[in-house]
Amino acid sequence: MVAESQIGRKDGEQRWGAWLRVPALADPKTRAYILRNWSLYAMLAPTLILLAIFAYYPMYGVVMAFQNYNPGLGFVRSPWVGLANFERLFASPAFPRVIGNTLIIAVSKLVTGQIVAIALALLFNEIRHVPFKRTMQNLLYMPHFLSWVVLAGILMDILSPMGLAGKVQQALGMEPIIFLGSNFWFRPVLVVTNLWKEAGWSMIIYLAALLAIDPDLYEAAAIDGADRFQRIRYVAIPGIMTTIILLACLNLGDVLQAGFEQVFNLYNPTVYETGDIIDTYVYRMGLVQAQFGVAAAAGLFKSAIGFVLIVISYRLADRYAGYRIF
Amino acid sequence: MLTHKLRRRDFLRLTGVAGGAALLAACLPPAGPAEPAGSSAPAVALPATRNAEELLKAAGVPLPGSPNHPKGWRTLLPDVPEGYPLAQRITITTARPTDSEVVFPPGDDLDNNVWTRMIATLFGIQFVNKMTWVEGDEQAQKYNLAMASNDLADIMQDVPANIFAQMVEADMLLELGPIWDQYASPKWKDAVARGGASAWRGCTINGKRYAIPHAQSAGHDDAILWVRKDWLDRLGLNPPETWQDVHDVAVAFAQAKLGGPDTYGLLANKDFRKSWYGSLDPLWTGYGIVPNWTSFGWSEDANGNLRYDGVRPEVKEVLAILRQWYADGVFRKDFYAIGPDELTPDLASGRCGLQFNPVWGANRDSIQNTGAEWLFLDVPAGPKGRFKHTDDPWNNGRFCCPKNFQYAKEWIEMTNWRIELEEAVGTRMHGWEGIDYAINEQGEYEDLDPYYSFWTVGPIGTRTGGVIDPHFEAEELNHNLEAWGRLAPAERDAFQAAMFGDPVLELRNRAKAFILQKNSTQGVSDKFTGLPTPTMLSVWSDLIDQESEVCLSIITGQKSMEAFDAYVANWKANGGEQITAEVNEWWQKVK
């Protein structure tokens with residue numbers, strides 16, 4: 001990547017176009033350039049190879065979406081069924097509901113996740129006692145490393161009417177709420193538990209951005225009489241605005257990622273109405289019933305939308321944060 | 001259904017078997033002191049005899065049983081068939097379930113243990129595990145992977161029905177039927193013949209038998225009612241006889257808070273039809289509805305056609321009862337949000353006083369719960385009578401082999417021999433001393449942990465995991481209870497004494513005998529045992545989702561009773577009627 005962008009910067013757009021057209025490699029200047037920087041290309045090679053093997057090669061499997069796939073017959077011999085898998089998927093009465101749930105859950109998680117992470121980063125930035133800051137930071141991002149399978153077991157215990165939550169409510173004289181069995185509470189539970197698990201981790205990038213702000217600016221503001229809140233409002237937040245916008249744009253690509261592991265380990269039939277997402281639906285329909293074609297069709301559908309969103313988010317990131325790769 | 005069955009089995013492994021060996025009167029475990037023995041001695045060097053005991057002795061392989069102990073017994077090993085042990089040792093690879101907790105003596109493993117050494121010595125067949133699994137998802141994944149890479153084990157146990165059909169479609173399987181016809185023993189053939197039409201149903205595609213049925217013991221998962229007797233006594237209540245009694249006793253238990261502040265009455269979980277732990281199936285069957293593991297079942301109507309029970313009006317009656325029970329505090333408040341595997345703590349901590357479970361379900365966590373005294377009762381009668389769900393023992397699993405497998409004859413002949421040993425009354429195959437059991441200084445039989453048994457390490461599961469003859473277990477248990485019960489206590493050997501002496505074992509034995517006795521008259525099964533029909537493949541999982549959602553929401557009061565009518569109308573319009581037609585098309589062919 002480094003080498004490529006160097007080419008781009010050095011020789012301008014024209015060179016870029018030439019680079020993309022393979023015969024242009026015949027250009028002696030380009031060849032000389034590549035030869036001169038061969039070590040950079042060599043360092044890049046393992047990444048590209050791994051990407052090709054694990055990201056691009058398996059894409060071959062999308063042909064399953066158009067087949068009545070039988071693992072014994074493989075991709076080559078399985079019968080082709082055209083768009084039948086997609087028709088089945090879109091004809092299913094549950095499909096609009098799972099798309100709606102996926103969007104609502106994923107967007108709620110993205111929005112709250114970002115706001116809480118920014119707020120936490122700002123708070124941490126103000127802590128002056130370094131050991132306390134480090135300890136708290138570690139404690140906050142630790143849950144990120146726990147698997148949802150484990151967390152779900154713990155949460156089910158805590159949220160059960162017989163668990164901690166139930167006991168607290170009883171002590172307060174309330175009728176215990178069955179959080180995981182209520183269509184009203186299930187989404188909030190997903191959002192809050194996701195925050196608890198991920199906020200500390202997402203905070204790190206904002207914290208890093210805050211550290212990059214020139215301390216002179218804070219000092220100057222302080223000399224001008226700005227109090228702490230004003231320094232946050234007029235120095236810290238504008239200082240990390242680019243990062244905030246950039247991440248917000250890039251997150252757009254994730255609005256169909258509602259978190260299979262989390263939902264799958266916490267849901268039950270009574271909350272299908274508000275909690276069933278594309279991935280859990282595909283799991284039940286595709287893998288449990290061995291309908292690989294339908295599962296692949298749903299996956300392809302999701303990827304197609306995800307691709308469009310990533311292109312949009314990239315454009316937005318370019319426009320508002322000046323971030324671009326190409 | 002698949003997932004449930006396997007989980008059930010896992011559960012069994014975790015909780016039941018160590019103690020259950022004695023109860024089931026012979027969980028043939030292989031074992032014996034770790035010792036090199038047979039695997040190194042070439043089969044050719046053995047004396048020319050077909051007497052199994054002599055063959056084993058000559059090869060230095062330990063014999064099962066404890067013939068030299070004063071309280072021991074002798075295991076009667078049948079003669080090996082003609083031509084065995086094979087002059088040239090052969091290797092057969094297997095794919096089958098195992099147990100993550102199984103522990104082998106030092107030096108032994110899944111491919112080399114007392115059992116495999118015995119078979120290698122007697123038959124010249126070395127079994128090697130190509131793949132194993134512990135639970136259902138893993139099983140399907142591994143079979144899919146094996147199929148995709150065309151790398152199948154020689155003997156594949158319990159290939160899931162849909163994968164089996166795909167393997168046949170891809171022309172990967174050997175047609176086992178004719179080979180079995182030629183080499184299976186009369187005893188094996190009789191057992192399968194008694195299964196009637198259903199025995200081969202899951203093994204036959206387009207009229208050809210690509211697999212051999214792997215049956216399950218009849219009544220293996222049949223539930224009976226277990227009640228905390230000590231709680232009944234404390235409250236001065238009578239054992240519940242009717243469904244109303246079950247409700248009243250459950251409410252009384254919950255209100256008296258006998259098991260602490262979170263006490264509730266009846267064990268239940270989100271599998272509200274038939275569950276492998278804390279089932280509600282006897283209530284459904286009492287009202288004429290056949291429940292099944294992941295959906296309701298299909299029953300035969302007056303005209304001989306199949307109908308789906310989940311949309312019959314009687315479902316609404318039962319839902320109304322369950323709704324009332326839930327409101328009255330019979331169940332754990334969040335029962336519908338938890339799975340059966342999360343229920344054991346409720347029994348271990350004594351929170352619950354009533355449960356519908358098979359013997360193995362009630363095993364450790366209930367009967368042995370400190371201070372808890374459990375009583376078993378017949379299921380209460382509903383308006384249609386006294387019934388419960390039972391699995392068709394032949395709708396359990398199958399063995400199949402890849403097309404190029406050369407040793408089907410040898411495998412079948414070895415299995416003939418194993419049937420004579422493991423499924424014959426009076427052979428006294430209870431495993432190897434020092435591995436499966438010990439006889440202590442007082443001359444008492446003790447199950448050993450670590451244990452391992454045939455169904456854990458053998459190539460063909462018998463007993464708990466599967467059997468050749470579904471009715472053998474009942475036959476043997478009745479025989480042992482009767483014949484050994486007649487012996488004076490002093491005459492009983494250690495194993496026989498254990499069957500009668502220990503109160504927990506005795507309770508389990510009586511419960512098991514009771515369940516087996518009631519199985520044929522009370523058990524009702526799902527009549528549809530075919531592969532999913534075309535419309536099922538496309539809409540069934542949607543319909544089942546809706547069914548679970550609407551039923552649980554009605555029971556918990558989140559939806560009105562009328563929601564069920566809307567569900568039924570939707571079911572019929574969105575594929576249900578089409579499926580019914582397809583299922584009946586199948587039924588006309590097989591019934």
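Now for a quick tour of the structure. Bear in mind the structure is a predicted one, so any value in this text is a computation, not a measurement. (Residues numbered from 1 in each chain as written. Chains lettered and ligands numbered in written order. Predicted model: local features only at pLDDT ≥ 70, side-chain atom pairs only at ≥ 80, totals over all residues. Heavy atoms only, no water.)

So, about the overall build of chain B. Scanning chain B from N- to C-terminus turns up 20 helices and 17 strands. The 591 residues of chain B split such that 63% are buried. Across chain B, the fraction of contacts at a sequence separation of at least 24, relative to all contacts at a separation of at least 6, is 76%. Looking at chain B as shown, the accessible area adds up to about 20900 Å², and 51% of this sits on carbon and sulfur atoms. (Helix = DSSP H or I, 4+ residues; strand = E, 2+ residues; numbered from the N terminus. Buried < 20%, exposed > 50% of the residue type's maximum accessible area, 1.4 Å probe, protein only. Contact = heavy atoms within 4.5 Å. Areas by Shrake-Rupley, 256 points an atom, 1.4 Å probe, with all protein chains shown as cover.)

Before going further, it helps to examine the overall build of chain A. Per the secondary structure count, chain A includes 16 helices and zero strands. Out of the 326 residues belonging to chain A, those deemed buried represent 41%. Contacts in chain A between residues far apart in sequence, at least 24 positions, make up 62% of those at least 6 positions apart. Total accessible area on chain A stands at roughly 18300 Å², and carbon and sulfur atoms take up 69% of it.

We now examine helix H5 (residues 84-91) of chain A. All names here are of chain A. Those residues of H5 that fall on the buried side of the exposure criterion are Asn-85, Phe-86 and Leu-89. Viewed along the axis of H5, the buried residues span an arc of 95°, placing them on a single side of the element. Away from its buried face by more than 90 degrees, H5 exposes Glu-87 and Ala-91. (Arc of directions from axis to C-beta.)

In this section: the environment of B:Glu53. Residues and elements named next belong to chain B. Structurally, the position occupied by Glu-53 is in helix H2 (residues 52-59). Each C-alpha atom, one on Glu-53 and one on Thr-75, is 9.5 Å from the other, the two residues being 22 residues apart in sequence. Beyond its immediate stretch of four places on either side in the chain, Glu-53 contacts Leu-63, Arg-74, Thr-75 and Leu-77.

This paragraph deals with the interface of chain B and chain A. In this complex, chain B contributes 34 residues to the contact, which on the side of chain A involves 33 residues. The interface formed by chain B and chain A includes four salt bridges. A salt bridge links B:Lys559 to A:Glu273; the shortest N-O distance between them is 3.8 Å. Where chain B touches chain A, the interface holds nine residue pairs in polar contact (both at pLDDT 80 or more). Here the side of chain B that touches chain A gets 12 residues from one element, more than from any other, and that element is helix H19 (residues 534-555) of chain B. (Salt bridge = Lys/Arg side-chain N within 4 Å of Asp/Glu carboxyl O. Polar contact = N/O pair within 3.5 Å; in protein donor to acceptor, adjacent residues only side chain to side chain.)

One pass over the full model with this rule turns up 35 salt bridges over all chains. The shortest N-O distance in the salt bridge between B:Glu549 and A:Arg97 comes to 3.1 Å. Remark: A:Arg97 occurs in helix H6 (residues 95-126) and B:Glu549 occurs in helix H19; the pair is interchain, linking two chains. Taking the shortest distance from any N to any O, the salt bridge between B:Arg74 and B:Glu53 comes out at 2.7 Å. Placement of the pair is B:Arg74 in the loop between H2 and strand S1 (90-97) and B:Glu53 in helix H2, with a sequence separation of 21 residues.

What follows concerns the nonpolar core. Across soluble globular proteins, nonpolar side chains show a tendency to be buried alongside one another. All names here are of chain B. In terms of nonpolar packing, the biggest core is built from 70 residues, with Met-156, Met-167, Trp-411 and Trp-417 touching the most fellow members. Tallying contributions element by element places helix H14 (residues 408-422) first for this core, with seven residues. Excluding residues within four positions of it along the chain, Trp-411 makes contact with Ile-92, Ile-155, Leu-176, Ile-212, Phe-399 and Cys-401. If you look at the next biggest cluster of nonpolar residues, it comprises 60 residues, including Val-227, Leu-306, Val-330 and Phe-331. (Core = buried A, V, L, I, M, F, W, Y, C linked by side-chain atoms within 4.5 Å.)

Let's shift gears to the packing of aromatic side chains. Residue and element names in this part refer to chain B. According to the stated counting rule, one finds 55 aromatic pairs over all chains in the structure shown. Plain terms: the ring middles of Trp-231 and Phe-253 are 5.1 Å apart, the flat faces sit at 85° to each other, and that makes the pair edge-to-face. Here Trp-231 is found in helix H8 (residues 229-235), whereas its partner Phe-253 is found in helix H9 (residues 243-256), with 22 residues between them in sequence. Note on Trp-231: relative accessible area 1%, which makes it buried. With a centroid separation of 6.2 Å and 50° between ring planes, the pair formed by Trp-325 and Phe-331 is classed as tilted. The buried category is assigned to Trp-325, whose relative accessible area is 5%. Here the basic side chain of Arg-273 rests over the ring of Phe-296, its NZ or CZ set 5.5 Å away from the ring centre. One Lys or Arg, Lys-333, reaches over the ring of Tyr-326 and ends 4.5 Å from the middle of that ring. (Phe/Tyr/Trp six-rings, centres within 6.5 Å; stacked < 30°, edge-to-face > 60°. Lys NZ or Arg CZ within 6 Å of the ring centre and 35° of its normal.)

For the structure shown, the criterion picks out zero disulfides over all chains. You can see B:Cys203 has no disulfide; the closest cysteine sulfur is in B:Cys400, sitting 8.3 Å from it. (Disulfide = S-S within 2.5 Å.)

Now for the sheet that holds strand S8 (residues 264-266) of chain B. Residues and elements named next belong to chain B. Ordered in space as S8-S11-S7-S12, the four strands form an open sheet in which the pairing is mixed. Strands with a single pairing partner mark the edges of an open sheet, and in this sheet they are S8 and strand S12 (374-377). Going from strand to strand, the sheet's axes swing by 20° on average, the running direction of each strand aside. Sheet topology note: the strand S7 (residues 224-228)/strand S11 (residues 352-357) ladder contains four bridges and is antiparallel. Note on S11: the bridge partner recorded for Val-227 is Leu-354. (Pairing = 2+ DSSP bridges. Axes fitted to C-alpha atoms, helices over the stretch in contact; angles between N-to-C directions.)

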